[in-house]
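Architecture and fold: a report
Chain by chain, the residues run as shown.
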Amino acid sequence: MIIAFDFDGTLVDSYSVIEEAFRRALEKHFPWLPFKGAFAKILTKMELYFERPKFGNHTGKIKQPRFFKTKFARTWFEERAKLTKPIDDSKELLKKLKEEGHIVISFSAEDFLDGMKEYRLKIGGFYELFDDVIIFGREMTLCEAFQLVRERYGNEIFVWVDDKPWRFIGRGDENTEYVWYYFPPTAKYVTKEILDQIPHLHVIQDLWSIFDVIERIKSERS
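Structural notes, computed from the coordinates. (Residues numbered from 1 in each chain as written. Predicted model: local features only at pLDDT ≥ 70, side-chain atom pairs only at ≥ 80, totals over all residues. Heavy atoms only, no water.)

Axis separation between helix 1 (residues 18-29) and helix 3 (residues 71-83) bottoms out at 8 Å; the angle between their running directions is 135°. Relative to helix 3, the element helix 1 is oriented oblique. Viewed along their axes, helix 1 and helix 3 form a crossing whose handedness is right-handed. Seen from helix 1, the contacting residues are Ile 18, Glu 20, Ala 21, Phe 22, Arg 24, Ala 25, Leu 26, Lys 28 and His 29; seen from helix 3, they are Lys 71, Phe 72, Thr 75, Trp 76, Glu 79, Arg 80 and Leu 83. Taken together, the residues of the contact of helix 1 with helix 3 sort by class into eight nonpolar, two polar and six charged. (Axes fitted to C-alpha atoms, helices over the stretch in contact; angles between N-to-C directions. Helix = DSSP H or I, 4+ residues; strand = E, 2+ residues; numbered from the N terminus. Parallel < 35°, antiparallel > 145°, perpendicular 65-115°, else oblique. Left-handed = near helix turned anticlockwise from the far one by under 90°. Contact = heavy atoms within 4.5 Å. Nonpolar A, V, L, I, M, F, W, Y, C, P; charged D, E, K, R; others polar.)

Right, let's get into the pattern of salt bridges. Oppositely charged side chains can pair when the atoms bearing their charge come close. Summed over the entire model, instances satisfying the criterion amount to 22 salt bridges. Of the charged contacts, one joins Arg 24 and Glu 79 as a salt bridge, the two residues approaching to 3.2 Å between their closest N and O atoms. Placement of the pair is Arg 24 in helix 1 and Glu 79 in helix 3, with a sequence separation of 55 residues. You can call Glu 79 buried: its relative accessible area is 13%. (Salt bridge = Lys/Arg side-chain N within 4 Å of Asp/Glu carboxyl O. Buried < 20%, exposed > 50% of the residue type's maximum accessible area, 1.4 Å probe, protein only.)

Taken as a whole and assessed by the stated rule, the structure comprises 17 aromatic pairs. Ring geometry for Phe 7 and Phe 126: centres 5.5 Å apart, planes at 80°, overall edge-to-face. Residue Phe 7 is found in the loop between strand 1 (2-5) and strand 2 (12-13), and its partner Phe 126 is found in the loop between helix 5 (116-123) and strand 5 (132-136); the two are separated by 119 residues along the sequence. Like Phe 126, Phe 7 is buried. Between Phe 30 and Trp 32, the ring centres sit 5.9 Å apart and the planes meet at 90°, which makes this aromatic pair edge-to-face. Relative accessible area serves as the criterion here: at 30%, Phe 30 is assigned to the partly exposed category. Taken together, Phe 107, Phe 136, Phe 146, Phe 158, Trp 160, Phe 168 and Tyr 178 form an aromatic cluster joined through their ring pairs. Taking NZ or CZ as reference, Arg 80 lies 5.7 Å from the ring centre of Tyr 15, over its face. When the ring centre of Phe 126 is taken as origin, the NZ or CZ atom of Lys 91, which lies over that ring, is 5.3 Å away. (Phe/Tyr/Trp six-rings, centres within 6.5 Å; stacked < 30°, edge-to-face > 60°. Lys NZ or Arg CZ within 6 Å of the ring centre and 35° of its normal.)

Okay, the layout of surface pockets next. As a volume, the second largest pocket reaches approximately 190 Å³. What lines the second largest pocket is a set of 10 residues, and nearest its centre among them are Met 46, Glu 47, Phe 50, Phe 67 and Phe 68. Ranked by residues supplied to the lining of the second largest pocket, first place goes to helix 2 (residues 36-49) with three residues. The residue makeup of the lining of the second largest pocket, split by class, is nine nonpolar, no polar and one charged. (1 Å grid on protein atoms, 1.4 Å probe; cavity = no way out; pocket = protein on both sides within 12 Å on 5 of 7 lines; lining within 4 Å. Points joined across faces, edges and corners; volume = space filled by probe spheres on them.)

Here we take up the sheet that holds strand 4 (residues 103-109). Strand order in the open sheet formed by six strands is 5-4-1-6-7-8, and the pairing between neighbours is parallel. The open sheet has two edge strands, strand 5 and strand 8 (201-204), and neither has a second partner. With strand direction ignored, the average angle separating the axes of adjacent strands in the sheet is 25°. Direction of pairing for strand 7 (residues 176-181) relative to strand 8: parallel, over a ladder of four bridges. Along strand 8, the bridge assignment pairs Trp 180 with Val 203. Contacting strand 1, strand 4, strand 5, strand 6 (158-162) and strand 7, helix 6 (residues 142-153) crosses the sheet at an angle of about 155° to strand 5. (Pairing = 2+ DSSP bridges.)

This part takes up helix 3. Spanning 13 residues, helix 3 covers 18 Å between terminal C-alpha atoms, matching the ideal 18 Å at 1.5 Å per step. Restricting attention to buried positions, one finds in helix 3 the residues Phe 72, Ala 73, Thr 75, Trp 76, Phe 77, Glu 79, Arg 80, Ala 81 and Leu 83. Those residues of helix 3 that are buried are in contact with helix 1, helix 2, strand 3 (85-86) and helix 5. (Expected span 1.5 Å × (residues − 1).)

For Glu 47, the position within the fold is in helix 2. With relative accessibility at 9%, the residue Glu 47 sits in the buried group. Glu 47 has contacts with Ile 18, Phe 22, Phe 68, Trp 76 and Arg 80, leaving out every residue within four places of it along the chain.

Structural data, given as structure tokens:
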């Protein structure tokens, strides 16, 4: 099977470190600024606001916002990358899936800063673990990214793992299985209305349950 993973909130926890990364960036670029902790909290709330479903559908291509062209924004991303931690021993999970013969790809959205998603995949030690890395949102839409998967790998079963299930709606095909990884910071935005629109939906709360999902898919499709 083709097993595709989102990155943030699925393979790594890059959310719990957002505030600390902002604090470090403020310390570096604005050492004279008082109440850096308070400003870091405000910036964190602003960043998390953009994690809501209405901003994460990726129906088109998003231009890089002007703010993220600043040195401060780059520092924030770099500090966030340093602080990010794997979820559920996810690196070993990817290795195990490949050992079992699956094609394992990274399938995630570009960061607001051009090229930063690839940078963070490399800094985190994930990039080389994938058979392929597909990043949508800037050069290609999500639908175009899915079409690219089909062009490269044919119509094999595509198992799409993501903590943001609203991305599944209206995407994929009859050979797509959707796996929602329940990650609390983004799960609070998930509604029954969203889930009811997703066929072939599987829900997991730890990444290693993907092996149970794979066996279930084999059984149901045999």
